[in-house]
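Each chain, letter by letter, is given below.
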Amino acid sequence: EYCRGVMRDRMVPGIPKYKAYRSTEGLKEYIEGDLGGEYVVKADGLCGGKGVKVSGEHLKSVEEAMTFCEEIFAKGEAAVLEEKFVGEEFSLMSWCDGDTLAHMPPVQDHKRAWVGDTGPNTGGMGSYTCPGKDGLLPFMTQKDLEAAQGINVAMAKALKDENGGKGFKGVLYGAYICTKRGVGCIEFNARFGDPESLNLLALLKSDIVTLMEGVCKGTLTQEMVQMAPLASVVKYAVPFGYPDNPQKNAEIDVSAVDPESLFLASVDVVEGKLVELGSRTAAVVKTGKTVAAAEAACEEEIRKITGPVFHRPDIGTSAVLDKRVSHMQQVRKVRVGIVGSTRGSSLQP
């Protein structure tokens, strides 16, 4: 709610139609009227990436939306109702020294738990980046990237104005979506994204301490962020039953995994054994000249983790990337009316 309020008051682009509720009064009318039955419900608080439900996907009726909102209210939080953006999502993280932003390449996360983008939302099952100077994702245009970078810049300025001239210092993480109307903003975070930061830090050629000094001292420049022109793929191994009913305290074995590619997460050592605690267990990151090469290496490595865990083998595959491109082509497709012909008006793609 704070984020949307700042965007509205400071005229930051990319904002959806939205309204915050603390009770169900007027909620149904807003869903059916202003939002036309196409909406997203967000809990106004930290939910580990699992506090969002989308109409038509997680919420099959207005009644289900009302029930979800009541669950949010019972926790003492507000429910934010927003218009539903349709398109392909991506993340853009920028270093910020209070005035200047230095952008990193875009990343696409995979929120759904199961293969084919099905199942419940998670904190993120894995992500990928593309090679090249700008690292454009396959469904993006240069205009999309520049729009997202511009929104990050506008938000940083808005935060400075909002705080009496004291600018935000750190990593500004914007979650975006390409739509037929342009780039929409899903949310902001004042931190590195997970799993996206694993992709980006694996590609970062610059000295991270120098970057952090630039952030602290206000001497940041875009040239200070140098990235390897490679692709990267991250995949998470998670407990059986994750995210709704995850298995806990089960032993896993990661001894066969390349230690330079392995990042442990929700684990502990109990009586000399590595056990999973119920959330995302371990991530593997690999880079390559192409997404396909990085994906193949990542898949080979993550399969070496043994125990009651699963992962999404489709992340970074050509089948998923082709699906993203096809979906975005359909989203951008505009039907144009041609008038004045002797045969009357017609609609053509």
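None of these values were measured; they are calculated from a predicted model. (Residues numbered from 1 in each chain as written. Predicted model: local features only at pLDDT ≥ 70, side-chain atom pairs only at ≥ 80, totals over all residues. Heavy atoms only, no water.)

Student: Describe the confidence of the model for the chain, naming the residues involved and giving the relevant values.
Tutor: Mean pLDDT over the chain: 93, with 94% of residues reaching 70 or higher. Counted against residues more than four places away or in other chains, residues 336-349, with its pLDDT under 50, gives 15 contacts. (pLDDT = per-residue confidence, 0-100. Contact = heavy atoms within 4.5 Å.)

Student: Please provide a residue-by-residue account of the side chain of N152, values included.
Tutor: With respect to the helices, strands and loops of the structure, N152 is situated in helix α4 (residues 142-162). Judged by relative accessible area, which is 0%, N152 ranks as buried. Among the polar contacts listed, one links the side chain of N152 to the side chain of S94, at a separation of 2.9 Å. In contact with N152, other than residues within four places in its own chain, are L92, S94, L101, L172, G174, Y176 and F188. (Helix = DSSP H or I, 4+ residues; strand = E, 2+ residues; numbered from the N terminus. Buried < 20%, exposed > 50% of the residue type's maximum accessible area, 1.4 Å probe, protein only. Polar contact = N/O pair within 3.5 Å; in protein donor to acceptor, adjacent residues only side chain to side chain.)

Student: So what's going on with the pairing of strand β11 (residues 169-179)? Which residues, and what values?
Tutor: The buried fraction of β11 is high, at 10 of 11 residues. Of the strand pairs in this sheet, strand β5 (residues 88-97) and β11 are connected by 10 bridges, and their pairing is antiparallel. Each bridged residue has a counterpart across the sheet, and for L92 the counterpart in β11 is G174. In the sheet, β11 pairs with strand β12 (residues 182-189) via 7 bridges, with the strands oriented antiparallel. Pairing of C178 across the sheet is with V183, part of β12. The antiparallel pairing of β11 with β12 creates a hairpin that spans 2 residues between the two strands. (Pairing = 2+ DSSP bridges.)

Student: Can you lay out the sheet that holds strand β4 (residues 79-83) for me, pointing to particular residues and giving the numbers?
Tutor: Strand order in the open sheet formed by 4 strands is β1-β4-β2-β3, with antiparallel pairing between adjacent strands. In this open sheet, the two strands that pair with only one neighbour each are β1 (18-21) and β3 (52-54). With direction set aside, neighbouring strand axes in the sheet form an average angle of 20 degrees. Pairing geometry for strand β2 (residues 39-43) and β4, over 5 bridges, is antiparallel. (Axes fitted to C-alpha atoms, helices over the stretch in contact; angles between N-to-C directions.)

Student: Which residues make up the environment of N189, and what are the values?
Tutor: Along the chain, N189 falls in strand β12. Judged by its relative accessible area of 14%, N189 falls in the buried class. The sequence separation of N189 and Q226 amounts to 37 residues, and the corresponding C-alpha distance is 23 Å. In contact with N189, not counting residues within four places along its chain, are V171, L172 and Y173. Within the structure, the side chain of N189 is placed 3.4 Å from the side chain of E187, a separation counted as a polar contact.

Student: I'd like to hear about the pairing of strand β15 (residues 267-270), residue by residue, with values.
Tutor: Here 4 bridges tie β15 to strand β16 (residues 273-276), and the two strands are oriented antiparallel to one another. Directly across from V267, in β16, lies its bridge partner E276. Where β15 folds back onto β16 in an antiparallel hairpin, the turn is made up of 2 residues, including E271, whose phi is positive at roughly 50 degrees.

Student: Go over a negative patch on the surface, please, and point to the residues and values.
Tutor: A grouping of E25, E29, E32, E63 and E64 is seen on the molecular surface, where their side chains present a negatively charged patch. Secondary structure elements with two or more residues in the negative patch: α2 (27-32) and α3 (62-74). Within the secondary structure, E64 is located in helix α3. By relative accessible area, which is 35% here, E64 ends up partly exposed. (Patch = residues over 30% accessible without salt bridge, like charges linked within 9 Å, V, L, I, M, F, W, Y side chains within 5 Å. Areas by Shrake-Rupley, 256 points an atom, 1.4 Å probe, with all protein chains shown as cover. Salt bridge = Lys/Arg side-chain N within 4 Å of Asp/Glu carboxyl O. Lys, Arg positive; Asp, Glu negative; His and termini not counted. Charge placed at Lys NZ, Arg CZ, Asp CG, Glu CD.)

Student: Lay out unusual backbone geometry in plain terms, naming residues and giving numbers.
Tutor: Looking along the chain, the bond that leaves D194 and enters P195 is cis, with omega of 20 degrees. Turning to its location among the elements, P195 is positioned in the loop between β12 and α5 (196-203). Of note, the bond from Y242 into P243 is cis; its omega dihedral lies within 30 degrees of zero at 5 degrees. Within the fold, P243 resides in the loop between β13 (231-239) and β14 (262-264). A positive phi is found at M11, a non-glycine position, where the angle reads about 55 degrees. Structurally, M11 is set in the loop between α1 (2-9) and β1.

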